[in-house]
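One letter stands for each residue in the lines below.
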Amino acid sequence: MSQTTVLTREPVVNKNRAITANRLVAHGPNIAAVAETLNELADVWPGHHTVFVSLGRLVPTPDLLAWQIPANAMIEIPAQALNHPQTQALLPQLRETRNSVCLTWHTPGGVVPAGADWRFSLMDARKHPAPDGAPGLALAWGLPDVPAFREAVGKGYDGASGWFFLNGNPVAKSLSPGHAQIVRLLNLVRNNGDIKEIEAVLKQDVALSYKLLRYINSAGFGLMCEIQSFRHAVSILGYTNLNKWLSLLLVTASRDPGAPAMMQTAIARGRFMEEIGSAYFDKSERDNLFITGAFSLLHVLLGTSMQTLLNEMLLPAPVTDALLHDQGEFAPFLRLARHCESFDAANLLAAAEELHLEREQLNRAQLIALGFADSLQA
């Protein structure tokens, strides 16, 4: 049966803006359909972090128990549904099966049912600036930017869910020497530069060399042997794959406190685009799809303009067209990746229809991408 549910997502971060969980929002016609879809995605379920599962606008019912709920899943129960007979029937069953729950859209002073293990409460911080009396750890939702996050934490929130960290970051500046060094390496690799010249650049920054080898050897890439040097990497992988690895290194080079969340988002976009694009492009172009997604937040991560960055880099026209002008053959895939980050699935479904994509393809690609991005930050 074709999946009738589509997923969107957002990260959950703690007070230090480090990712502690992923939040999946299931947009489906009923709880039974949601459970069926989630069961079909068991083989790609992201396991590195806790996964909050929102049922969107649906009332939680015992039909959810048809899902083989993973140990790291946190079921969201909306405060508005607490008095619904079906939700009241579900809660004790979740307690018996030791499934964790989060109280969503809690309001200060609202009644919290006894007997449930409320690990978290998710609150709309636009309506409730302080989480007075919230059960468990209080998470703010609906924050517009980083300053609003700082204010929410100052008023008692333990973290937040959402994309606030993409806005309100420091103003643009020139590339740092460390970032410029990685750009230099990228350009050398893209031009098939001499290995000795590339090694000389790497030797100027031992930490950079270590980090590059760490990413190449990470579980996310699934290599059969350990890469022990850059020369070894070239002989095993070739320059094309090293270009992708160095692109990852540039994405993960920022030391901003909010960088890990942005890194995860950028890498997930890239891996999602690569996965979805497999039916449309050959291997080399899929690598460029990955780079397009991964670089889509580079200006935010590195605190400079996209134009400034791309002026320094030798990237193919489809990549620069998508990043600078939202045009070209990669642009629809980048838009699709961004639509996965919305609480509303309407734009995602419209964009998927334009590309003739099924919901199952979207869901699988998104969870594969999320698992890959998390594996690189393990």
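Data block above holds the structure.
Residues numbered from 1 in each chain as written. Predicted model: local features only at pLDDT ≥ 70, side-chain atom pairs only at ≥ 80, totals over all residues. Heavy atoms only, no water.

Things to note about the packing of helix H8 (residues 259-276) against helix H9 (residues 283-295)
Orientation of H8 relative to H9, taken along the N-to-C sense of each, is 155 degrees, at an axis distance of 7 Å. By the angle class used here, H8 and H9 are roughly antiparallel. Note that H8 runs across H9; the crossing there is right-handed. Of H9, the residues touching H8 (which contributes Ala266, Ile267, Arg269, Gly270, Arg271, Met273 and Glu274) are Arg286, Asp287, Leu289, Phe290, Thr292, Gly293 and Ala294. Class assignment for the residues of the contact of H8 with H9 results in six nonpolar, three polar and five charged. (Axes fitted to C-alpha atoms, helices over the stretch in contact; angles between N-to-C directions. Helix = DSSP H or I, 4+ residues; strand = E, 2+ residues; numbered from the N terminus. Parallel < 35°, antiparallel > 145°, perpendicular 65-115°, else oblique. Left-handed = near helix turned anticlockwise from the far one by under 90°. Contact = heavy atoms within 4.5 Å. Nonpolar A, V, L, I, M, F, W, Y, C, P; charged D, E, K, R; others polar.)

Comments concerning unusual backbone geometry
Note: most peptide bonds trans; most residues except glycine with negative phi. Positioned with a positive phi, aspartate 326 is a non-glycine residue whose angle comes to about 55 degrees. Within the secondary structure layout, aspartate 326 lies in the loop between helix H12 (317-325) and helix H13 (331-339). For histidine 356, which is not a glycine, the phi torsion comes out positive at approximately 60 degrees. In this structure, histidine 356 sits in the loop between helix H14 (346-354) and helix H15 (359-375).

Here's the deal with H12
Listing the buried residues of H12 in full gives Pro318, Val319, Thr320, Ala322 and Leu323. The positive-phi residue at the C-terminal boundary of H12 is aspartate 326, with phi of around 55 degrees. (Buried < 20%, exposed > 50% of the residue type's maximum accessible area, 1.4 Å probe, protein only.)

Structural notes on the environment of glutamine 86
Counting through the fold element by element, glutamine 86 comes out in helix H2 (residues 85-96). Linking glutamine 86 and valine 59, residues 27 residues apart in sequence, is a C-alpha distance of 7.8 Å. In this structure, glutamine 86 is in contact with Pro60, Thr61 and Pro62, ignoring residues within four places of it in sequence.

What about the pairing of strand E3 (residues 50-54)?
E3 sits mainly inside the fold: four of its five residues count as buried. Examined bridge by bridge, strand E2 (residues 19-27) and E3 share five bridges and lie parallel to one another. Paired with arginine 23 across the bridge in E3 is phenylalanine 52. Each parallel crossover has a hand, and for E2 linked through helix H1 (residues 31-40) to E3 it is right-handed. Alignment of E3 against strand E4 (residues 73-78), held across three bridges, turns out to be parallel. Bridge pairing in E4 places phenylalanine 52 opposite methionine 74. (Pairing = 2+ DSSP bridges. Right-handed = clockwise from strand over helix to strand, strands pointing away.)

Thoughts on the pattern of salt bridges
Under the counting rule described, the total for this entry stands at eleven salt bridges. Ionic pairing is found between arginine 23 and glutamate 76, a salt bridge with its closest N-O pair at 2.6 Å. In this pair, arginine 23 is assigned in strand E2 and glutamate 76 in strand E4, connecting sequence segments 53 residues apart. Judged by relative accessible area, which is 1%, arginine 23 ranks as buried. Owing to a relative accessible area of 3%, glutamate 76 belongs among the buried residues under this scheme. For lysine 155, the salt bridge is made with glutamate 151, and the minimal N-O distance between the two is 3.3 Å. Residue lysine 155 is classed as partly exposed on the basis of its relative accessible area of 40%. Taken together, the salt bridges that share partners define one network made up of Arg9, Arg269 and Glu341. (Salt bridge = Lys/Arg side-chain N within 4 Å of Asp/Glu carboxyl O.)

Without other data, these values stay purely geometric and don't point to any function.
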